[in-house]
Amino acid sequence: MSAPEALLRRLCALGGDGVVADELVPSEGRVLWPCDDVVYSLHLFFVWLRGTWPAPTLADFAALEAAENRGSFSFAESLAAMKRAHVIVFVTDNQAYRFKRNRQFLLRLRADLISAGRDPDTVPVVFQINCYCREDVIKTPTSDIIQVLTWPRCDHVEVFPQELRGAKEALDRAIALYEEMRADHEAR
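From a predicted model like this one, the values you see are computed outputs, not experimental measurements. (Residues numbered from 1 in each chain as written. Predicted model: local features only at pLDDT ≥ 70, side-chain atom pairs only at ≥ 80, totals over all residues. Heavy atoms only, no water.)

### Considering the overall build of the chain
Helices and strands together make up the secondary structure of the chain, namely six helices and six strands. Sorting the 188 residues of the chain into buried and exposed places 40% on the buried side. Counting contacts in the chain only where the partners sit at least 6 residues apart, residues at least 24 apart contribute 61% of the total. Roughly 10,500 Å² of accessible area belongs to the chain as shown, and the carbon and sulfur atoms make up 53% of that amount. (Helix = DSSP H or I, 4+ residues; strand = E, 2+ residues; numbered from the N terminus. Buried < 20%, exposed > 50% of the residue type's maximum accessible area, 1.4 Å probe, protein only. Contact = heavy atoms within 4.5 Å. Areas by Shrake-Rupley, 256 points an atom, 1.4 Å probe, with all protein chains shown as cover.)

As structure tokens, then:
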């Protein structure tokens, strides 16, 4: 919703051996991420749609991309990322004017996963709720956001971007959700 490349650079700096793609507006990176007693080799990929709202689905975007050069954003790369994602961090925020959009984007996420040939209910989602503390911003209470943004296997993490606090916890929780899902599958 704002500058995903800034978050990508921050996450890669927090881990070990972080490398961000050499692009004007990078959309992917790799990082060694310590979580509990394990170090994970992560491939982080940001998928976002720019343009008019409501945002098009990935299927709609194929036609838009054919008609217009979108710079570093590639439909094929985004579709590939959706096909292989182990877990998704859905970045949102508490600004009231975005509340309805959040619901729309969640529906888009479900549709995009289906377009990528995935069963959305099998992909864990962490909702990273960026909390803005400025007085001039009308905010939606976190409890209201949690009621609307839900998924079969999910968690919610409050993040405070102005204080550079919480993004690490969101990624740690994403890894934990993935490991919980994997343990469930192995138990069956």
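### Comments concerning the environment of proline 152
Assignment of secondary structure puts proline 152 in the loop between α5 (142-148) and β6 (154-159). Once the C-alpha coordinates of proline 152 and aspartate 121 are considered, the two residues, 31 residues apart in sequence, prove to be 5.8 Å apart. Setting aside residues up to four positions removed in sequence, proline 152 forms contacts with Arg110 and Asp121.

### Some words on the pairing of β6
When strand β5 (residues 125-130) meets β6, the two strands line up parallel, connected through six bridges. Of the residues in β6, the one forming a bridge with valine 126 is aspartate 155. You can see the chain leave β5, run along α5 and come back into β6, and the turn it takes is right-handed. (Pairing = 2+ DSSP bridges. Right-handed = clockwise from strand over helix to strand, strands pointing away.)

### Some details on helix α6 (residues 167-187)
Over its 21 residues, α6 runs 30 Å from end to end, which matches the ideal 30 Å to within 8%, given 1.5 Å per residue. Taken together, the buried positions of α6 are occupied by Ala167, Ala170, Leu171, Asp172, Ala174, Ile175, Leu177, Tyr178 and Met181. (Expected span 1.5 Å × (residues − 1).)

### Considerations on helix α4 (residues 99-115)
Spanning 17 residues, α4 covers 25 Å between terminal C-alpha atoms, matching the ideal 24 Å at 1.5 Å per step. Of all the positions in α4, only Phe99, Asn102, Leu106, Arg108, Leu109, Asp112 and Leu113 are classed as buried. In an axial view of α4, the angular spread of the buried residues amounts to 165 degrees, which keeps them on one side of the axis. Facing away from the buried side of α4 by over 90 degrees, the exposed positions are Lys100, Leu107 and Ile114. (Arc of directions from axis to C-beta.)

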